[in-house]
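Coordinate analysis (summary)
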Amino acid sequence: MNQDAVIFKGVRDGIRIYIDSNFSKAQIMDALQRKIESGRRFFQGSQTNLTFIGKKLTPDEQQVIIDLISREINVGSITFEMTEMENSDIRPIDPFDGIEEGMTRFVRGTIRSGQLVSYEGNVVIIGDVNPGGEIVAEGNIIVMGTLRGMAHAGATGNNGAVVVAFSLLPTQLRIGSVIARPPEGEVVKASYPEIAYVKDGNLVIEPYLPSKGK
Amino acid sequence: MGEVIVITSGKGGVGKTTTTANIGTALALAGKRVVLVDADIGLRNLDVVMGLENRIVYDLVDVVEKVCRLKQALIRDKRFESLYLLPAAQTKDKNAVSPQQMQELCEQLKEEFDFVLIDCPAGIEQGFKNAIAGADKAAVVTVPEVSAVRDADRIIGLLSANDIDEPKLIINRLRIDMVKRGDMMDINDTLDILGIDLLGVVPDDERVVISTNRGEPAVTDDNSLAGQAYRNIAGRLMGENIPIMDMETDEGFLAKIKRFFNANRKRA
C-alpha cells in the first residue's frame, strides 16, 4: 500500500488532515505542499476550516504549517488535535470501537421527518423516531420510544453494533454494511422491546427480554 | 394585543384555506376582531373562499412595499363587521416578501385585532418561511392519510426549529365510516405519530364543498357537522374547554338501530 504522509478528508465543518508520524518533517511538508497545490482550485474562494490530526507537532512545526497554508488557502480556522497515535498506521476511517464503552450522544425529543441525527459514537434517543427521520451513529442506537424511521448503527463499518427500541418498526435498518427492510405486507406491531444485530451477515431482530414475546 | 396563528400543513390540498376561512368566521361570529392573511402569494385562494374576490384593490405586497396603507388593503367581510381579509398578490411570487417584512406586518395587525390568522402556502420554501415569521402559535392541518401525516410531521419539526413550539393539530376530513371499517387512520394513529395536542377533528362533509364554492364558510350553516367542528375549534382558541366532538353523531338513525340490535345479539 502506498502510504501518504498526509491524508485530506472532507468533513461537514471543514477538512481534517491526518499526519502520519512515520514520516519526517520534510516529507510531511513536501506532501502538504503538493496536496494543496493539486487542490488549489478546490480551495479557492471558499473559507476552509482545517483540523490537523495525528503526529504530534512542535509549536515551531505548527507555525511553519500555518504559514504555508495561509499563503495558499483562504483559511477559516486551523486546529491541531494532537493525538500521537500509538499505531503509526493511519486509517482515517477506522470503525468506531466504542460500542461496549464509548462516546454517547443523548437526544431528548421526537426526531421527525426530515431531521437527521448523526454522531461519531453511540446515540440514545429519548423519544420517538418518526418515518422520514434518520439516525446515523458510528456505534449503537438506542431509541427509548418507537423507531419508525431509518437507523444506521455502526455507520463506519462496525457490524457488531446494535439497534434497540421499545418498539422497533423501522422503514429501514442498517448495521455496518448490512441493509435490511421490513417484509412487505401487514406490519405486525410488537408490543415488547426488540434488538437488531448482525448474525452471520444477516440482520436479525429479536426480543431482548427472554420473558417477553415468545 | 392579539395573537398571530399560522395555519399550515406542508402538504397541499388538505384544507388549510378552508380551515382558515371557517375558524376566522367562527371567531368573528363569537364577536372577536379577526383578520385573515393570505400568505399564498401568487396562488391566492382565501378571497375566493370568502367570496370577497371582487373587492380586492390593494394586497399584501402593496402593503409591505408601502404602495398603500395597511387599512386600505384590508377588506371587510360582507357578513361580519369584525372580520377582515388581507389578500395575497396574484401577479407576484413568494419572493416579493421577506420574513422580516411579514414580522413587521404581523406586529402591526396584532395591535388592531384579537386574532390574526395566516393562511400558509403548501411546501417548506420561502412562502412557508414568510408565513411563520410573525406567528406566535401554529395550527397544523392534516388529513388521515400517511402522506399528509408525514408532511405534517416535517412541518412540526420545522416549526420547532423556528421557535414555534407546541403547535396544535387539526385533523380534517375524517370519515367515521371508513375508520370503523379499519380503512382509514383513526385519530389515535395520527396522534401517536405526531405527538402534539389536538385542536379539533373536522368530519368529511360535502356541505363544506358546497359552501366553499359559494364563497360562504360552512360555519354559517347550522346544519353542517363540519361547521360545528369549526365552531368548537374557535371556542378552544378562545380558551373554552370543549371536548372533542363525539363522531358517533355522524351515524344515521338507521345505523344506530342496527348497532343497538347487533349489540343485543352479541349479548344473547
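Being a predicted model, the structure only gives us computed values, none of them experimental.

1. Let's talk about the overall build of chain A
Looking only at helices and strands, chain A features three helices and 15 strands. Burial statistics for chain A: of 214 residues in total, 42% are counted as buried. Relative to all contacts within chain A whose residues are 6 or more apart in sequence, the contacts with residues 24 or more apart total 36%. Accessible area of chain A: about 12,100 Å², with a carbon and sulfur share of 49%.

2. Regarding the overall build of chain B
A count of helical and extended segments in chain B gives 12 helices and eight strands. Residues classed as buried in chain B amount to 52% of the 268 residues present. Restricting to contacts in chain B with at least 6 residues of sequence separation, those with at least 24 account for 75%. As displayed, chain B has an accessible area near 12,600 Å², and 47% of this comes from carbon and sulfur atoms.

3. With respect to the environment of B:Met238
Residue and element names in this part refer to chain B. Its place among the elements puts Met-238 in the loop between helix H11 (225-237) and helix H12 (253-267). Since its relative accessible area comes to 26%, Met-238 is described here as partly exposed. Distance in space between the C-alpha atoms of Met-238 and Lys-32 is 9.2 Å, their sequence separation being 206 residues.

4. Thoughts on the sheet that holds strand E14 (residues 194-199) of chain A
Residue and element names in this part refer to chain A. The mixed open sheet is built from six strands, whose spatial order is E5-E7-E9-E11-E14-E15. In this open sheet, the two edge strands, each paired with only one partner strand, are strand E5 (104-108) and strand E15 (202-207). For this sheet, the mean angle separating the axes of adjacent strands, direction not counted, is 25 degrees.

5. Some details on the pattern of salt bridges
Residues and elements named next belong to chain B. Evaluated as defined, the whole model comprises 17 salt bridges over all chains. Here Asp-114 makes a salt bridge to Arg-33, at a shortest N to O gap of 3.3 Å. Within this pair, whereas Asp-114 is found in the loop between helix H5 (99-112) and strand E5 (115-119), its partner Arg-33 is found in the loop between helix H1 (16-29) and strand E2 (34-38), the two being separated by 81 residues in sequence. Since its relative accessible area comes to 25%, Asp-114 is described here as partly exposed. Judged by its relative accessible area of 41%, Arg-33 is partly exposed.

6. What to know about the interface of chain B and chain A
If you look at the interface, chain B gives 10 residues, while chain A gives 10 residues. Of the roughly 830 Å² buried between chain B and chain A, counting both surfaces, carbon and sulfur atoms make up 40%. Contact with chain A buries area across many residues of chain B, yet B:Arg150, B:Asp153 and B:Ile193 alone supply 53% of it, more than any other trio. Along the contact surface separating chain B from chain A lie two salt bridges. Mapped by element, the contributors of at least two residues to the side of chain B that touches chain A are helix H7 (146-161) and helix H9 (187-194) of chain B.

7. Regarding the packing of aromatic side chains
All names here are of chain B. Taken as a whole and judged by the stated rule, the model has one aromatic pair over all chains. Here Tyr-84 and Phe-113 contribute two aromatic rings whose centre-to-centre distance is 5.6 Å and whose plane-to-plane angle is 65 degrees, an arrangement assigned as edge-to-face. Note that Tyr-84 is positioned in strand E4 (residues 83-86) and Phe-113 in the loop between H5 and E5, a separation of 29 residues in sequence. For Phe-113, a relative accessible area of 7% puts it in the buried group.

8. A closer look at the packing of H5(B) against helix H6 (residues 126-133) of chain B
All names here are of chain B. Between H5 and H6, the shortest axis-to-axis distance is 7 Å and the interhelical angle comes to 30 degrees. The angle between H5 and H6 places the two elements in the roughly parallel class. The hand of the H5/H6 crossing is right-handed. Here Pro-99, Met-102 and Gln-103 of H5 come into contact with H6, specifically with Gln-126, Lys-129, Asn-130, Ala-131 and Ala-133. Of the residues belonging to the contact of H5 with H6, the class tally is four nonpolar, three polar and one charged.

9. Points about a negative patch on the surface
On the surface, a cluster of negative charge is contributed by B:Asp163, B:Asp165, B:Glu166 and B:Asp197. For B:Asp165, the position within the fold is in the loop between H7 and strand E7 (168-174).

10. Focus on the nonpolar core
Grouped burial of nonpolar side chains is what soluble globular proteins tend to show. All names here are of chain B. By size, the foremost hydrophobic cluster in this structure holds 50 residues, and its most contacted members are Leu-60, Leu-86, Leu-109 and Ile-118. Tallying contributions element by element places H7 first for this core, with six residues. The contacts of Leu-60, once residues within four sequence positions are left out, are Val-37, Asp-38, Ile-41, Leu-86, Pro-87, Ala-88, Val-97, Met-102 and Leu-105. Ranked by size, the runner-up nonpolar core spans 38 residues in total, among them Val-14, Ala-21, Ala-28 and Ala-139.

11. Here we look at the sheet that holds strand E6 (residues 116-119) of chain A
Residue and element names in this part refer to chain A. Read from one edge of the open sheet, five strands run E6-E8-E10-E12-E13, paired in mixed fashion. Strand pairing shows two members of the sheet lacking a second neighbour, E6 and strand E13 (178-180), which therefore form its edges. In this sheet, adjacent strand axes meet at a mean angle of 5 degrees when their direction is disregarded. Relative to strand E12 (residues 172-175), strand E10 (residues 150-153) runs parallel, the two being bridged by four bridges. Looking across to E12, one finds that Ala-151 is bridged to Leu-173.

Conventions used here
Residues numbered from 1 in each chain as written. Chains lettered and ligands numbered in written order. Predicted model: local features only at pLDDT ≥ 70, side-chain atom pairs only at ≥ 80, totals over all residues. Heavy atoms only, no water. Helix = DSSP H or I, 4+ residues; strand = E, 2+ residues; numbered from the N terminus. Buried < 20%, exposed > 50% of the residue type's maximum accessible area, 1.4 Å probe, protein only. Contact = heavy atoms within 4.5 Å. Areas by Shrake-Rupley, 256 points an atom, 1.4 Å probe, with all protein chains shown as cover. Pairing = 2+ DSSP bridges. Axes fitted to C-alpha atoms, helices over the stretch in contact; angles between N-to-C directions. Salt bridge = Lys/Arg side-chain N within 4 Å of Asp/Glu carboxyl O. Buried area = accessible area lost by both parts, 1.4 Å probe. Phe/Tyr/Trp six-rings, centres within 6.5 Å; stacked < 30°, edge-to-face > 60°. Parallel < 35°, antiparallel > 145°, perpendicular 65-115°, else oblique. Left-handed = near helix turned anticlockwise from the far one by under 90°. Nonpolar A, V, L, I, M, F, W, Y, C, P; charged D, E, K, R; others polar. Patch = residues over 30% accessible without salt bridge, like charges linked within 9 Å, V, L, I, M, F, W, Y side chains within 5 Å. Lys, Arg positive; Asp, Glu negative; His and termini not counted. Charge placed at Lys NZ, Arg CZ, Asp CG, Glu CD. Core = buried A, V, L, I, M, F, W, Y, C linked by side-chain atoms within 4.5 Å.

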